[in-house]
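# Descriptive analysis of the structure
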Amino acid sequence: MNYEEQWNRLNEYQKAAVLDESPACIVNANVGSGKTTVLIAKILYLHMKKQVSIRDMAVLTFTNKAAGEIKERLLAIEPKLTEEDLAGFGTFHSVAMNYLRTRLDVESMGWTKQFLIIEPDEEAELALRLSKEQNWKIKYKNRLKKRLEQEYTAFRQGKTKSRYQDDMFLLFEALQEEKKRQNKMSFSDLIEVCTKLLNREDEQKESTCADDSLPKNGETDYGHRSEKPEWIIVDEVQDSDKQQMEFLTALKGEHTRLFAVGDPNQLIYSWRGSVETMFYSLKHQFDAKELSLPVNYRSSRTILEAAGRFLQYGNTVAGSREEGMPIKVQNHYDAFQEAQYLAQKIKELHLGGMEYGEIAIFYRLQSQSEILEKVFEREGVPYTVSLKKTLREIPVLDWFVKVLTFACNQKDRYAAEAVLSHPFYGEGMEKKRLKSFLAEPKEGEVDLYDRMKGFQEAFSSETGKDGMEIYSYFSLDASLHPNAASYEEDRKLVLDLCKRLVIYSQEDQKSLAKGTAQFLRSSALYGIQILKEEENPGKDQVRLMSLHASKGLEFTVVFIIGVNDGLIPLTGRSFEQEEEERRLFFVGMTRAREQLELSYYTNPGQPRVNGGPGRYLNMLPKHLLDWEGSQAPEEKMANLKQLRKAVRREQEKSGYAQSKAEAATESVAAEKIAPAIAGEELTVRKVRHPKYGIGILVDENEMTAEVEFEGYGRKEFLKAFGEIEMLQRKIREKKCRTQIFILWRHFFY
DNA sequence: CATTCGCCGCGTAAA
DNA sequence: GCGGCGAATG
């Protein structure tokens, strides 16, 4: 498709965004409104119609996948573009890296242009080593990686003490020095150093201009000089954190135009640092013009209307499609029963002509995928799980790497201890015996220990075949427990790593002993991406993923499983977290084009998860749902209780004529269902909502209020939102008569 | 060195 | 609402 064709397909909002040339512009892009299309059209427009060089653009994304997509679509139209032309296109990190490697004075900060990247696992390991060398007190070493990430921001901002009262901040300084010595930069170093150097350049330029009164475009050579881009274009801006925001500010020159696209309703990563108010602070900092892309092209009107219940109050998404099918709400006894149901249902869909790749299942926790995987495997439903694990996170490999570490470096007693004392893969020795053994290791006592000691010698000349020889050398079957459930998978993982060792050694023409030692020292170890299942994007497979991972994707049929309180939403500790859960559910629902099915368990079988339909299901408009029995039994009970109260009161006070039969049935029901309410005083609280009008408060707790509105049914609100106004006046019996009839009608409808 | 008490966080994940 | 870690006790 050429540029003109693409242009003609845009709607008026999209065209406005493409044409906008304000100094700063922020586009509020609704879900499914063609955000990426606009971004690409904008780049093409600037390039082809405005003669802006591709090299003068910085196009920033959060993931490599998004960056790749943009580059790919650009190359399809402009195949002549080289990698150098596209140096400004990429993730924040890769663009910062390119600036550091080509245009900035990194030497002044202690690195050289050939710096390498240090990955979080390797950095944590390095930190651990340093803290041992210096005898520093570091708490919670088992979550050191997380601590490094979390507390690094505080360190950069000049804080000097950790909240855990240990030597973390001494360690940070030593770590920075050590990274410079090794000429390595961490992910956050890339952005931090780049930001600092860009800012420093601006200062130098200013002072030079002032001293020599140079004309604005005076050509002066500072040795290192980076021209600011003409345009900065940012994707998914709602996900930026403070550091990325500072980078943006530093990268933006006086005449740089900024174009940022994002959706505040899809903010689901505030827990990893993105600033919740980013969208708005950006608008104010750069005095940005605000545009919007309101029209959703993806989902059916039913899906859109239901999902709309989870938008921040006041936001709306305009649909462009037909009504579509109702949203199915399905109850299952537990996750196992559900997995079997899904396997069956998906097979039926496939028989009906649906590709497996058009179907996705979303869940809140990674652990929920396991049961689906097992059942789908058995039932022959092809699937992929989108889950990348690092080596460290796979227990057997973490343990095996320690085996190799000690095998290559016998001074590392820490590694030997970890290997032998591992609760599952270790030797199962008593603590005392292990200690005395490690103090004076004797040959012939612990076989694995002897094997590790002999590794270097045994493989000093061998180049290796397929990795099996390493596996048998260590007699790993003894450690991996062939009868254990994890055995098959563990064995496969270990053999795979052994094979990589062989390949690595062969490539470097080294013996296995030397190759392994070098492999452990190199960052190759951390570079390995271990996929739980081989990802075959081309293959026709059902996609299983977390709600988070679903962002940015779309499918014809979507199942969101486990809409139970405590799972969706996950019980958070704050209102902000609850809001984020709502947005997460919104993101998940809006991935579906045609069909959406939501499920809940009667018996979730997990602590802190309630059985029965979650409150998010009750927030959905009933007329959009295909819910067996239309209401959950619990809800019927609650309704009935309220009704009993109201009706009884009415009858007593006003002498409302009622048939004896009716009265009899009702009193029986009342005795059975809610004997305690008989003598209760009736008070009805009214509530006002800007959209639904006046309603009756049905139920409330500290956080939420449930309200019944005529014509809309029941809605649940977070009190913290302030969307609903509690009318203080308590209404006595006579006045509430109308409302009682409304309640009555709704219940029997 | 063994026990006990109190605190932290659990889960989601990109570079 | 529990499990793991670390500091404090004898």
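What you are looking at is a predicted structure, and each value in this text was computed from that prediction instead of being measured. (Residues numbered from 1 in each chain as written. Chains lettered and ligands numbered in written order. Predicted model: local features only at pLDDT ≥ 70, side-chain atom pairs only at ≥ 80, totals over all residues. Heavy atoms only, no water.)

## Section: the overall build of chain A
Across its full length, chain A holds 28 helices and 24 strands. Across the 749 residues of chain A, 49% fall into the buried class. Put simply, 72% of the contacts in chain A that link residues at least 6 apart link residues at least 24 apart. Carbon and sulfur atoms make up 49% of the accessible area of chain A, which totals about 37800 Å². (Helix = DSSP H or I, 4+ residues; strand = E, 2+ residues; numbered from the N terminus. Buried < 20%, exposed > 50% of the residue type's maximum accessible area, 1.4 Å probe, protein only. Contact = heavy atoms within 4.5 Å. Areas by Shrake-Rupley, 256 points an atom, 1.4 Å probe, with all protein chains shown as cover.)

## Notes on helix α16 (residues 413-421)
Each turn of an α-helix holds 3.6 residues, which means side chains three or four residues apart point in the same direction. Among the residues of α16, Ala-415, Ala-416, Val-419 and Leu-420 are the ones counted as buried. What you see down the axis of α16 is that its buried residues fit within an arc of 120°, all on one side. (Arc of directions from axis to C-beta.)

## Observations concerning the environment of Thr-556
Turning to its location among the elements, Thr-556 is positioned in strand β17 (residues 555-560). Remark: the alpha-carbon pair of Thr-556 and Arg-591, spanning 35 residues in sequence, is separated by 8.4 Å. If we skip the residues at most four places from it in the chain, Thr-556 touches Met-354, Glu-358, Arg-593, Glu-594 and Gln-595.

## Section: the packing of α16 against helix α18 (residues 447-458)
Where α16 meets α18, the closest approach of the two axes is 11 Å, and the angle between their N-to-C directions is 145°. The chirality of how α16 crosses α18 is right-handed. For the pair formed by α16 and α18, the contact residues are Ala-416, Val-419 and Leu-420 on the first element and Leu-448, Tyr-449 and Met-452 on the second. (Axes fitted to C-alpha atoms, helices over the stretch in contact; angles between N-to-C directions. Left-handed = near helix turned anticlockwise from the far one by under 90°.)

## Overview of the protein's contact with DNA strand B
Neighbouring DNA strand B are 25 residues, the closest being Asn-64, Tyr-164, Gln-366, Ser-546 and Arg-573. In this structure, a base nitrogen belonging to DNA strand B sits 3.2 Å away from a side-chain N or O atom of Glu-149. The contact in question runs from a base oxygen of DNA strand B to an N or O atom on the side chain of Arg-364, over 3.2 Å. Residues that form the surface near DNA strand B fall into these classes: nine nonpolar, seven polar and nine charged. (Near = heavy atom within 4 Å. Polar contact = N/O pair within 3.5 Å; in protein donor to acceptor, adjacent residues only side chain to side chain. Nonpolar A, V, L, I, M, F, W, Y, C, P; charged D, E, K, R; others polar.)

## With respect to helix α5 (residues 92-102)
Turning to α5, its buried residues number three or more, namely Phe-92, Val-95, Ala-96, Tyr-99 and Leu-100. The buried residues of α5 occupy an angular sector of 140° when projected down its axis, which confines them to one face.

## Observations concerning the protein's contact with DNA strand C
Taken together, Lys-137, Lys-139, Tyr-140, Lys-141, Asn-142 and Arg-608 make up all the residues around DNA strand C. For DNA strand C, the fraction of atoms within 4 Å of the protein that belong to sugar or phosphate moieties is 67%. The separation between a phosphate oxygen of DNA strand C and a polar main-chain atom of Tyr-140 is 3.0 Å. Across the surface near DNA strand C, the residue classes tally to one nonpolar, one polar and four charged.

## Observations regarding the sheet that holds strand β13 (residues 383-385)
The strand order β13-β16-β12-β17-β18-β11-β19 describes an open sheet built from seven strands, whose pairing is parallel. Since the sheet does not close on itself, it has two edges, and those belong to β13 and β19 (625-627), each with one partner. The sheet shows a mean angle of 20° between the axes of neighbouring strands, direction not considered. Bridge count between strand β11 (residues 327-332) and β19: three bridges; the pairing is parallel. Its bridge partner being in β19, Val-329 is matched across the sheet by Trp-627. (Pairing = 2+ DSSP bridges.)

## So, the sheet that holds strand β8 (residues 289-293)
Pairing within the open sheet is parallel, and its six strands lie in the order β3-β2-β6-β7-β1-β8. Every other strand in the sheet has two partners, leaving β3 (89-91) and β8 as the edge strands with one partner each. Neighbour to neighbour, the strand axes of the sheet diverge by 20° on average, direction disregarded. Sheet topology places strand β6 (residues 231-234) next to strand β7 (residues 257-262); four bridges connect them, and they run parallel. Its bridge partner being in β7, Ile-232 is matched across the sheet by Leu-258. Here helix α2 (residues 12-19) sits on the sheet and contacts β1 (24-29), β7 and β8; the angle it forms with β8, its principal contact strand, is near 145°. Strand contacts of helix α11 (residues 278-285): β1, β7 and β8, with the helix running at about 155° to β1, the strand carrying the most contacts.

## Let's talk about the confidence of the model for chain A
Residues with a pLDDT of 70 or more make up 79% of chain A, whose mean pLDDT is 81. Here residues 650-684 scores under 50 on pLDDT; set against residues more than four positions off or in separate chains, the count is 45 contacts. In this model, residues 728-749 is a region of pLDDT below 50 whose contacts with residues beyond four sequence positions or in other chains number 44 contacts. (pLDDT = per-residue confidence, 0-100.)

## So, the pairing of strand β12 (residues 359-363)
The element β12 is largely enclosed, with a buried count of five among its five residues. Because side chains alternate across β12, one face comprises the buried residues Ile-359, Ile-361 and Tyr-363, and the other comprises Ala-360 and Phe-362, equally buried. Sheet analysis places β12 next to β17, joined by four bridges and oriented parallel. Pairing of Phe-362 across the sheet is with Ile-560, part of β17. Note: β12 against strand β16 (residues 542-546), four bridges, orientation parallel. Note on β16: the bridge partner recorded for Ile-361 is Leu-544.

## Examining the UniProt feature "binding site: ATP" (unreviewed entry) in chain A
Summarizing the sequence annotation, UniProt attributes the feature "binding site: ATP" (unreviewed entry) to Ala-29, Asn-30, Val-31, Gly-32, Ser-33, Gly-34, Lys-35 and Thr-36 in the numbering used throughout. Tracing the backbone shows Gly-32 in the loop between β1 and α3 (35-49). Residue contacts for Gly-32: discarding those within four places in its chain leaves Val-295, Asn-296, Tyr-297 and Arg-298. With respect to the element layout, Lys-35 can be found in helix α3. Judged by relative accessible area, Lys-35 falls into the buried class, the value being 18%. When near neighbours in sequence (up to four residues on either side) are disregarded, Lys-35 contacts Ala-29, Asp-235, Glu-236, Val-261 and Leu-293. (UniProt positions renumbered as here; feature names shortened; annotations may be inferred.)

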